Amino acid sequence: IMSLFGEVPQATPVAVFKLSNDFKEDANPKKVNLGVGAYRTDEGQPWVLPVVKKVEKIIVADNSLNHEYLAILGLPEFRSSASKIALGEDSPAIQENRVGAVQCLGGTGALKMGAEFLRRWYNGNDNTKTPVYVSAPTWENHNAVFANAGFEDIRPYKYWDAEKRGLDLDGFLGDLESAPKHSIFVLHACAHNPTGTDPTHVEWMQVAEVMKRRKLFVFFDSAYQGFASGCLDKDAWAVRYFVTQGFEMFCAQSFSKNFGLYNERVGNLTIVARDSDNLKRVLSQMEKIVRVTWSNPPSQGARLVAITLNTPELFAEWWDNVKTMADRVLLMRASLQAKLQALETPGTWDHITQQIGMFSFTGLNPKQVEYMIKERSIYLMASGRINMCGLTTKNIDYVAESIHETVVNVQ
Amino acid sequence: MALLKSSKIISTVGLHPPLGILSIRASSWWSEVQMGPPDPILGVSEAYKRDTNPKKINLGVGAYRDDQGKPYVLSCVRKAEAQIAAKKLDKEYLAIGGLGDFTKACAKLALGDDNEVIKSGRNITVQTISGTGSLRIGANFLSRFHTEARDVYLPKPSWGNHTPIFRDAGMQLKAYTYYDPKTCGFDFQGALNDISKIPEKSVIMLHACAHNPTGVDPRPEQWKEIADLVKKRNLLVFFDMAYQGFASGDIDRDAWAVRYFIEQGHNIVLSQSFAKNMGLYGERVGGFTVVCKDAEEAKRVESQLKILIRPIYSNPPMNGARIAATILNTPDLYKEWLGEVHGMANRIITMRELLVANLKKEGSTRNWKHVIDQIGMFCFTGLKPEQVERLTKEFSIYMTKDGRISMAGVTSGNVGYLAQGIHAVTK
């Protein structure tokens, strides 16, 4: 019988998950996984935050809770407290009742909802041809999220300067100046993925000035708030600055990393509108999009986050847990850089400590990456991106030596 | 909250601001965004909430309620949760296709433990965001890969959210006759007539059991004829099974049509929801299955489903799937679950019988047989919009304008009052 799906081609696997698979199958006892962006302890283990364990017990013990549907836009106490995390408790925009939110399935889901909305409603009713700019490089799923939402013109904006291993500010500003008016720009709020390179405050101010003047749409992706500096407010500086500049904007928030709630899919699309009337209409249309995608979001993770954020002692404990994670990353950065320097590995390695957040763009080229994987069983992305959380006090020497050997032997 | 069981699509309404405000609104990106239409079901629930009549009844709710009118958390669910909590599992991302323990058990539940499809590995089952998410992934998959036909044929009427889901995915919607308002039953001949005219390779949507919103299901002999005709027409069958176990109380009986079609050689696609039968509504537990020609094709299809899922939400939520998997894979919990599903279905069936008995007691001479013949959570009463409006205004009994009531909202405590009201508006 002819199959309806006889012509369906085998798709190439998602790179980062394939990497994890290959790592799993590697028998080398010294293997190290520097691929997937999830936090690991110094024992190389996943870490369920102590505050999360506490709140889970609270939830299990509460017999008044049930599994009923959440509202289409999600749990209200989650949405509002999550937006406060991004914009600040005392955000004037919140006080002016022009901030709303949609609870979504992780950061991906928040990007998806924002993208779908923009395609339908941003600048006229059909934005399939509106250019969407993502940083070069960027998280590998950004492109697919916007393409799947119907955007046909997704372009890179200059961001990473491979030679100087830092931000290409001139290139970035240049692309902002030359982008067609009303283009949509996806900005990383902090801890840029994959480069770990963030603009300074002054640089952000320059970016904002051009975007305001040229009427470009601000779409923040905030997946690592707290992870960059260890301080949630510091990491939200860019988002909050843009709000003070009067932008109407979206901010896709993920609580996967800073709450360690990866598999509960906890995300929030924060919407800053000109006024509450515009906000109301925007939210009503968001509901329609949610309904044809997942109807209403999962309750467990949102409950967890809401209880934590709205209970002072638990909130303080969470800040502490976040700092624990950020501090370990900073320690590994300092360690790795020191060891490479001690080994006198060719090249400069300051970028390891200058970069921020979970990831580091090592500067290793694809051939060197292949060598690391094949010869040393150290798994990292072809781009040279490593997850600092994969480093531990026990494996850091091996990793440093391997980088040294690779750089010396492979060009 | 049954937020989505609307059986009508209301057109959008534009807002026209007074001139003075125009200049402020003109400086917003969103000035041209129209106000989205209110959801008909939400509207019902909201009006119900505002009503101060102590005798009020909410029959719009598409979620099970116990005989006290309260949400019901299954005992097997609480036990599973306790077991899971004790295991101290991590929260690492699931695979894009979801929790393996869940997807395997999900497929077995639908197709039967010994099903040849599962044994030969020619199904691919992915975890989805409940039934809606499953239908959406299915719609996206068909839209991208089933390029010979763009049309999806829904029964008339169907769940209100089917149409916007398929439309948003780029498919076109058509309908086949299904409900007979004269009998409040199945228009079998009408359905066969319409199906016989459906162009080859089109997608036909079938509700596996407990048709929503009518509660009207084909009998097995009728299913057989439909299966035959669908094969003759060479149609792609999309089964929506949101109520397995909830219809008759027996999970195998409720899956009979799905299994029969597969036996007859239909390589179906199937959406499953665990919102109702495990009471896991807000945890968003569902599955999407494609029955393929062979295991090799299943691998290719799986790879493409992952490509579709990743840009929507990357990977699915763990909590509900973990609970469902624990129940399905632990013999005592599974047994307990079957008992509880049976209990829920039984309460619904009892309420149907009680309602009819009470209507007779009130002196109603109308034929209410369909209330008992229909199956599942919903009942298409046959009430007209004017009668529904009277019921709401005069008796504080809330339901959707199409006369659909959720039997889950009926209790032994309110069935008498409900019968009174219905009789009053129909005599």
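Residues numbered from 1 in each chain as written. Chains lettered and ligands numbered in written order. Predicted model: local features only at pLDDT ≥ 70, side-chain atom pairs only at ≥ 80, totals over all residues. Heavy atoms only, no water.

The name recorded for chain B in an unreviewed UniProt entry is Aspartate aminotransferase, from Oncorhynchus tshawytscha. Note on chain B: under the UniProt heading Sequence similarities (unreviewed entry), the record states "Belongs to the class-I pyridoxal-phosphate-dependent aminotransferase family." As its UniProt record puts it under Cofactor (unreviewed entry), chain B is described as follows: "pyridoxal 5'-phosphate". (UniProt positions renumbered as here; feature names shortened; annotations may be inferred.)

Looking up chain A in an unreviewed UniProt entry gives the name Aspartate aminotransferase, with the organism given as Oncorhynchus mykiss. According to the UniProt record, the Subunit (unreviewed entry) comment for chain A reads "Homodimer." Its UniProt record gives chain A the following Sequence similarities (unreviewed entry) comment, quoted word for word: "Belongs to the class-I pyridoxal-phosphate-dependent aminotransferase family."

Colleague: So what's going on with the overall build of chain B? Which residues, and what values?
Modeller: Scanning chain B for helices and strands turns up 17 helices and 13 strands. The C-alpha atoms of chain B give a radius of gyration of 22 Å, which matches the 22 Å a tight globule of 427 residues would have. Based on the C-alpha atoms only, the size of chain B along its principal axes is roughly 60 × 60 × 55 Å. Counting the 427 residues in chain B, one finds 61% classified as buried. Taking the intrachain contacts of chain B between residues at least 6 apart in sequence as the baseline, contacts between residues at least 24 apart amount to 76%. Entry remark: accessible area of chain B is about 16400 Å², with carbon and sulfur atoms responsible for 53%. (Helix = DSSP H or I, 4+ residues; strand = E, 2+ residues; numbered from the N terminus. Rg over C-alpha atoms; globule rule 2.2 N^0.38 Å. Buried < 20%, exposed > 50% of the residue type's maximum accessible area, 1.4 Å probe, protein only. Contact = heavy atoms within 4.5 Å. Areas by Shrake-Rupley, 256 points an atom, 1.4 Å probe, with all protein chains shown as cover.)

Colleague: An account of the overall build of chain A is requested, with residue identities and associated values reported.
Modeller: Tallying secondary structure elements over chain A gives 16 helices and 13 strands in all. In summary, chain A has a C-alpha radius of gyration of 22 Å against a globular reference of 22 Å for 411 residues, a match within 12%. With the C-alpha coordinates of chain A rotated into their principal frame, the extents come out at 65 × 60 × 55 Å. Counting across all 411 residues of chain A, residues that qualify as buried make up 62%. Across chain A, contacts joining residues at least 24 apart in sequence account for 76% of those joining residues at least 6 apart.

Colleague: Please give an account of the nonpolar core that cites residues and values.
Modeller: Counting residues in hydrophobic clusters, the biggest one holds 80 residues, and the most contacted among them are A:F219, A:F250, A:L269, B:W30, B:F141, B:V290 and B:L305. For B:W30, the contacting residues outside a window of four places in its chain are A:F117, A:L118, A:W121, A:Y122, A:F217, A:E248, A:F250, A:A273, A:N278, A:R281 and A:V282. Membership of the second largest hydrophobic core comes to 68 residues, among which are B:V73, B:V77, B:F274 and B:I323. (Core = buried A, V, L, I, M, F, W, Y, C linked by side-chain atoms within 4.5 Å.)

Colleague: Give a detailed account of the UniProt feature "domain: Aminotransferase class I/classII large" (unreviewed entry) in chain B, specifying residues and quantitative values.
Modeller: UniProt records the feature "domain: Aminotransferase class I/classII large" (unreviewed entry) for residues 55-422 of chain B in the present numbering. Its end C-alpha atoms 14 Å apart, residues 55-422 of chain B is made of 47% helix and 15% strand.

Colleague: Tell me about the pattern of salt bridges, and name the residues and values.
Modeller: All names here are of chain A. As enumerated under the stated definition, the model contains 41 salt bridges over all chains in all. K129 is paired through a salt bridge with E152; the nearest N and O atoms lie 2.8 Å apart. Residue K129 is located in the loop between α5 (106-121) and β3 (132-136), and its partner E152 is located in the loop between α6 (142-148) and β4 (154-158); the two are separated by 23 residues in the primary sequence. With a relative accessible area of 58%, K129 lands in the exposed category. (Salt bridge = Lys/Arg side-chain N within 4 Å of Asp/Glu carboxyl O.)

Colleague: A description of the interface of chain A and chain B should follow, citing residues and the corresponding values.
Modeller: Taken residue by residue, the interface counts 78 residues in chain A and 78 residues in chain B. The interface formed by chain A and chain B includes 28 residue pairs in polar contact (both at pLDDT 80 or more). When residues of the side of chain A that touches chain B are traced back to their parent elements, those giving at least two are α1 (15-25), α2 (50-61), α5, α6, α11 (276-291) and α12 (299-310) of chain A. Looking at the side of chain A that touches chain B, the element that brings in the most residues is α11(A), giving 9 residues. Here the side of chain A that touches chain B is composed, by residue class, of 36 nonpolar, 23 polar and 19 charged. (Polar contact = N/O pair within 3.5 Å; in protein donor to acceptor, adjacent residues only side chain to side chain. Nonpolar A, V, L, I, M, F, W, Y, C, P; charged D, E, K, R; others polar.)

Colleague: If you had to explain the confidence of the model for chain B to someone new, which residues and values would you point to?
Modeller: Predicted coordinates in regions of low pLDDT should not be interpreted in detail. Residue and element names in this part refer to chain B. For chain B, the mean per-residue pLDDT works out to 92, and 93% of the residues sit at or above 70. Every residue in residues 1-26 scores below 50 in pLDDT, and together they form 59 contacts with partners more than four places removed in sequence or on other chains. Taken over the whole predicted complex, pTM reads 0.93, whereas the ipTM for its chain interfaces reads 0.94. (pLDDT = per-residue confidence, 0-100.)

Colleague: Summarise the sheet that holds strand β4 (residues 172-177) of chain B; cite the residues concerned and give the values.
Modeller: Residues and elements named next belong to chain B. Overall, mixed pairing links the 7 strands, which are arranged β2-β10-β9-β8-β7-β3-β4 in an open sheet. Two strands close off the open sheet at either side, each with one partner strand: β2 (123-129) and β4. For this sheet the average axis-to-axis angle between neighbouring strands, irrespective of direction, equals 25 degrees. Summarising the sheet, strand β7 (residues 203-207) and strand β8 (residues 236-241) pair through 5 bridges and their orientation is parallel. If you follow M205 over to β8, its bridge partner there is F238. (Pairing = 2+ DSSP bridges. Axes fitted to C-alpha atoms, helices over the stretch in contact; angles between N-to-C directions.)

Colleague: Give me helix α7 (residues 169-178) of chain A: which residues, what numbers.
Modeller: Inspection of α7(A) places A:L169, A:G171, A:F172, A:L173, A:D175 and A:L176 among the buried residues, and these make up the whole buried set. Considering only its buried residues, α7(A) is in contact with β4, β6 (166-167), β7 (184-188) and α8 (201-213) of chain A.

Colleague: Explain the environment of B:Y178 to me, and be specific about the residues and the numbers.
Modeller: Relative to the helices and strands, B:Y178 is located in the loop between β4 and β5 (179-180). If near-sequence neighbours (up to four positions away) are discounted, B:Y178 is found in contact with B:P155, B:K156, B:G185, B:F186, B:D187, B:H211, B:T214, B:V216, B:D217 and B:P218.

Colleague: Can you lay out the pairing of strand β9 (residues 269-273) of chain B for me, pointing to particular residues and giving the numbers?
Modeller: Residues and elements named next belong to chain B. With 5 of 5 residues buried, β9 is to be regarded as a mostly interior element. Of the two faces of β9, the one lined by V269, S271 and S273 and the one lined by L270 and Q272 are each fully buried. Looking at chain direction, β9 and strand β10 (residues 285-291) are connected through 5 bridges and run antiparallel. In the sheet register, S273 faces β10, and the bridge partner there is G286.

Colleague: Describe the side chain of A:H142, naming the residues involved and giving the relevant values.
Modeller: All names here are of chain A. Note on placement: H142 falls in helix α6. We classify H142 as buried; its relative accessible area is 0%. Aside from chain neighbours lying at most four places away, what touches H142 is L111, V134, V186, H188 and D221.

Colleague: Describe unusual backbone geometry, naming the residues involved and giving the relevant values.
Modeller: Residues and elements named next belong to chain A. In this structure, the amide linkage connecting N193 to the following residue, P194, adopts the cis form with an omega of 15 degrees. One non-glycine residue with positive phi stands out, namely N97, at about 55 degrees. Position of N97 relative to the elements: it lies in the loop between α4 (92-95) and β2 (99-105). Residue N97 is classed as exposed on the basis of its relative accessible area of 53%.

Colleague: I'd like a description of the pairing of strand β10 (residues 266-272) of chain A, backed by residues and values.
Modeller: All names here are of chain A. Most of β10 sits out of view: 7 of its 7 residues are buried. Sheet analysis places strand β9 (residues 249-254) next to β10, joined by 6 bridges and oriented antiparallel. In the sheet register, M249 faces β10, and the bridge partner there is V272.

Colleague: Which residues make up the packing of helix α3 (residues 76-87) of chain A against helix α10 (residues 237-244) of chain A, and what are the values?
Modeller: Residues and elements named next belong to chain A. Across the interface, α3 lies against α10 with an axial gap of 8 Å and an inter-helix angle of 90 degrees. For the element pair α3 / α10, the angle class is roughly perpendicular. Residue-level contacts link K84, I85, A86 and L87 of α3 to V239, R240 and V243 of α10. Partitioning the contact of α3 with α10 into residue classes produces 5 nonpolar, no polar and 2 charged. (Parallel < 35°, antiparallel > 145°, perpendicular 65-115°, else oblique.)

Colleague: Just give me the short version of the side chain of B:H211, but keep the residues and values in it.
Modeller: Residue and element names in this part refer to chain B. Its location among the elements puts H211 in the loop between β7 and α9 (220-233). Using a relative accessible area of 1% as the deciding quantity, one classes H211 as buried. There is a polar contact of 2.7 Å between the side chain of H211 and the side chain of T214.

Colleague: Lay out the environment of B:E46 in plain terms, naming residues and giving numbers.
Modeller: Secondary-structure assignment places B:E46 in helix α2 (residues 40-50). Spatially, the C-alpha atoms of B:E46 and B:Y179 are 29 Å apart, while their sequence positions differ by 133 residues.

Colleague: Account for the environment of B:R136, with residues named and values stated.
Modeller: Residue and element names in this part refer to chain B. With respect to the element layout, R136 can be found in helix α6 (residues 130-145). The exposure class of R136 is buried, given its relative accessible area of 8%. Here the alpha-carbon distance between R136 and D168, two residues 32 residues apart in the chain, equals 8.9 Å. There is a polar contact of 3.0 Å between the side chain of R136 and the side chain of D168.

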